[in-house]
Each structure stands twice: as C-alpha cells, then as structure tokens.
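Chain residues, written in single-letter form:
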Amino acid sequence: MSDRPGLRERKKAKTRALIQKEALRLFHEQGYAATTVEQIADAAEVAPSTVFRYFATKEDLVMVDQFPPLMEALDAVPPGAGPVAAVRMAMAAVIEAQTPQERADSLERERLMFSVPELWASSMENVTGVINALRERLAAREGRDPDDPELRNVTGAIIGVMLALWFEWVKDPETDAPAQLDRALRHLEAGLPLPRG
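So, a few notes on the structure that sits alongside this text. As the structure is a prediction and not an experimental result, all values here were calculated from the model.

Regarding the packing of aromatic side chains
Alright, step 1. One pass over the full model with this rule turns up seven aromatic pairs.
Alright, step 2. Judged by centre distance (5.1 Å) and plane angle (65 degrees), the ring pair of F114 and W166 falls under edge-to-face. Of this pair, F114 sits in helix α6 (residues 100–115) while W166 sits in helix α8 (residues 149–171); the two residues are 52 residues apart in sequence, bridging distant segments of the chain.
Alright, step 3. Look at F114 and F167: their rings are 5.2 Å apart centre to centre, the planes differ by 85 degrees, and that puts the pair in the edge-to-face class. Remark: F167 occurs in helix α8 and F114 occurs in helix α6; sequence separation between them is 53 residues.
Alright, step 4. By relative accessible area, which is 31% here, F114 ends up partly exposed.
Alright, step 5. The exposure class assigned to F167 is partly exposed, which follows from its relative accessible area of 35%.

Here it is, written out as structure tokens:
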C-alpha cells in the first residue's frame, strides 16, 4: 500500500517527461509555431487534455523551471559558505546530477527561448522570479534582510554571470558551460578585478 503513491508519482513524472521530450523533438523538426498541442499529444500517445494537465500552456512545454533543484541544492550547502561559494557548489551539484540527455534537452530549450519571441518574454519573467527567490534564499543563509543593498548586489552579480554564460552556451553549444560557470563564479567569489590587456 505504501508504495502506491510513489509509483503513481513516478508514472506521472514519466508521462510528463515523455510529453516534453516529444514536444521538443517536434519543435526542433517543425518549428515552435507550426507544432500543435494535438500533434504533441499524438506523438506522446496521450490525449490533448493530458498534455494540458501537465503543462498549462504550450509555452510551458519549453519553460521548465529548473531552479527548484538549484534552490534545494543551495539549502544542502553547509552554512559556512559565503553566498557566491554556496551558489557555485549548488550549481555544481545540480549539473552533476543531470544526465547527458537532460543537458541536451536543456540546451534545446534554451535555443528555443532565444529564437521564439513569446518564449523570450516568458523567460525574462522567469529570470525575475529566480532573482527574487535566490535573493531570499541567500538572505536566509546570511541572516540578512532580502532588501539589503549588498545582498542585492551579490545576487545581481551571480545572475549576471549566469546570464552571460547562458547567452554564450546557446550561441556555441560546444562551450563547456559547467566548467566555465564554475570558473566564473570562482572569479566572482575571489572578488578579483577584470584583468587588463
């Protein structure tokens, strides 16, 4: 009896992943605008109503919020780490837990976000939410007010580094984004000025 909810949740997660996988495949093959929810449902062998049960809108098929795992990983970082070090360690844990397929799917979603105007608008809304959530999480870790200007600056610097690498990764998928992110956050953590020349 006690295993049933776990099994049910796993089946739901599997169905959700399959729907999204087929959606990304069709978006890649046919283009985002040309792909219908009915086609996605057909490819995933589910009813269109099932697609909408897991994803409220077509945009949500791409706009997966990957940041809850980051926030959970951040909570697991020991309390002695400073804000930048804590985010660096949390990001490393999240990336380490991803399979190569999950990384490939993530890149495809990012590519779509950059190339489809309505997805770009949604992604900017997502980034705003992430900034606020990250600032609150870091404030709790540091025992500071989320409106503290220094905390705002640190959060902004972290997000700025992440966005800059996000843009580069989409432009050049061969970029070793995890290594570049770790290096960039280490640089930020050290408080080093930009090298000259």
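Comments concerning the nonpolar core
Alright, step 1. Counting 49 residues, the largest nonpolar core has I19, F27, V87, L112, L134, I158 and L181 as its most contacted members.
Alright, step 2. With near-sequence residues (within four places) excluded, I19 lies in contact with I40, A44, V46, T50, V51, Y54, F55 and L61.

What to know about the environment of N132
Alright, step 1. Following the sequence through the fold, N132 ends up in helix α7 (residues 117–142).
Alright, step 2. Residue classification places N132 among the partly exposed positions, given a relative accessible area of 38%.

Some points on helix α2 (residues 37–44)
Side chains three or four residues apart in an α-helix point the same way, a direct result of the helix having 3.6 residues per turn.
Alright, step 1. Restricting attention to buried positions, one finds in α2 the residues V37, I40, A41 and A44. Along α2, the residues classed as buried sweep out an arc of 100 degrees about the axis, all on the same side.
Alright, step 2. Two residues or fewer past α2, E45 is found with a positive phi of approximately 60 degrees.

What counts, and where the lines are drawn
- Residues numbered from 1 in each chain as written.
- Predicted model: local features only at pLDDT ≥ 70, side-chain atom pairs only at ≥ 80, totals over all residues.
- Heavy atoms only, no water.
- Phe/Tyr/Trp six-rings, centres within 6.5 Å; stacked < 30°, edge-to-face > 60°.
- Helix = DSSP H or I, 4+ residues; strand = E, 2+ residues; numbered from the N terminus.
- Buried < 20%, exposed > 50% of the residue type's maximum accessible area, 1.4 Å probe, protein only.
- Core = buried A, V, L, I, M, F, W, Y, C linked by side-chain atoms within 4.5 Å.
- Contact = heavy atoms within 4.5 Å.
- Arc of directions from axis to C-beta.

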